Amino acid sequence: MDRINLILNNKVFLENYKIIEKYEIDRIFCKHNLSHFLDVARIMYIKNLEEKINFKKDIIYAIALLHDIGRSLEYTKNIKHNKASKDLALIILSECNFSESEIEIIVSSIIAHNDFDHIVINKLLREADKLSRNCFDCLSFKDCNWDEERKNKGITL
Ligand SMILES: [Fe+2]
């Protein structure tokens, strides 16, 4: 997990993380913080093991840590966060010893995380992203704009 800790301490990652923190300080809905990134990573990894998909752990964690980092540019420059996350991930990953082929897998998954394709790693991210939200324990449940059937009303993983 050395490369994951390089991401965690990467200057570009930290700068953008702090911007998200600042913009979401009073947010009553789900935040895009380290707790969310790690929930997504761990859920992806559990499903990866349960479903015997066999993606490498640090590829999964890199995707999860970076999939929402571009929220910073959505807040400051109105750039869609999946595109912004992809652009920031390209910079961060190249500074954290990921190979060209690994970067390709990671950024493809990040850019597709709001779409509905059937690529296994992309689907893994989308499912974990949704499952990571504890709607059943959320004070803003009624005001949230997620469709009723999308909300997690109990523990499934
Ligand atoms: Fe997310």
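Each value, and the rule that gives it
- Residues numbered from 1 in each chain as written.
- Predicted model: local features only at pLDDT ≥ 70, side-chain atom pairs only at ≥ 80, totals over all residues.
- Heavy atoms only, no water.
- Helix = DSSP H or I, 4+ residues; strand = E, 2+ residues; numbered from the N terminus.
- Rg over C-alpha atoms; globule rule 2.2 N^0.38 Å.
- Buried < 20%, exposed > 50% of the residue type's maximum accessible area, 1.4 Å probe, protein only.
- Areas by Shrake-Rupley, 256 points an atom, 1.4 Å probe, with all protein chains shown as cover.
- Lys, Arg positive; Asp, Glu negative; His and termini not counted.
- Charge placed at Lys NZ, Arg CZ, Asp CG, Glu CD.
- Phe/Tyr/Trp six-rings, centres within 6.5 Å; stacked < 30°, edge-to-face > 60°.
- Lys NZ or Arg CZ within 6 Å of the ring centre and 35° of its normal.
- Donors = N, O, S within 2.8 Å, 3.2 Å for Na, K, Ca; no water.
- Tetrahedral: all angles 85-135°; square planar, octahedral: opposite > 155°, others 65-115°.
- Core = buried A, V, L, I, M, F, W, Y, C linked by side-chain atoms within 4.5 Å.
- Contact = heavy atoms within 4.5 Å.

**Some details on the overall build of the protein**
No. 1: Helix and strand content of the protein: 8 helices and 0 strands.
No. 2: For the protein, the N- to C-terminal ordering of α and β elements is α-α-α-α-α-α-α-α.
No. 3: Over its C-alpha trace the protein gives a radius of gyration of 15 Å, about what one expects of a compact globule, namely 15 Å for 157 residues.
No. 4: Within the protein, the fraction of its 157 residues that count as buried is 43%.
No. 5: With an accessible surface of roughly 9,000 Å², the protein has 54% of that area assigned to carbon and sulfur atoms.
No. 6: Placing the 24 positive and 25 negative side-chain charges of the protein at their respective mean positions leaves the two points 1 Å apart.

**Thoughts on the packing of aromatic side chains**
No. 1: Counted under the stated rule, the structure contains 4 aromatic pairs.
No. 2: Taken together, the aromatic side chains of F13, Y17 and F37 make up a single cluster linked through ring pairs.
No. 3: Over the face of the ring belonging to F98 we find R3, whose NZ or CZ atom lies 4.1 Å from the ring centre.
No. 4: Above the face of the F141 ring, K151 is positioned so that its terminal group lies 4.4 Å from the ring centre.

**Focus on the coordination of the iron ion**
No. 1: At 2.1 to 2.2 Å from the iron ion lie its protein donor atoms, namely H36 (NE2), H67 (NE2), D68 (OD) and D129 (OD).
No. 2: Geometry at the iron ion is irregular, judged from its 4 donor atoms and the angles of 83 to 178° they form at the metal.

**Some points on the nonpolar core**
No. 1: Formed by 36 residues in total, the largest nonpolar core has its most connected members in I7, M44, L66, L93 and F98.
No. 2: If you list the elements that add at least two residues to this core, you get helix 1 (2-8), helix 2 (11-23), helix 3 (34-50), helix 4 (57-66), helix 6 (81-94), helix 7 (100-111) and helix 8 (120-131).
No. 3: Per-element tally for this core: the top contributor is helix 4, with 8 residues.
No. 4: With near-sequence residues (within four places) excluded, L66 lies in contact with I7, F13, S85, A89, I92, L93 and I110.

**Topic: unusual backbone geometry**
No. 1: Of note, N54 is a non-glycine position whose phi angle comes to about 70°, a positive value.
No. 2: N54 gets classed as exposed once you look at its relative accessible area, which sits at 67%.
No. 3: Even without being a glycine, N78 presents a positive backbone phi close to 60°.
No. 4: As for its placement among the helices and strands, N78 is situated in the loop between helix 5 (71-77) and helix 6.
No. 5: On the accessibility criterion, N78 (70% relative accessible area) is exposed.

None of the figures reported here should be taken as evidence of function without further support.
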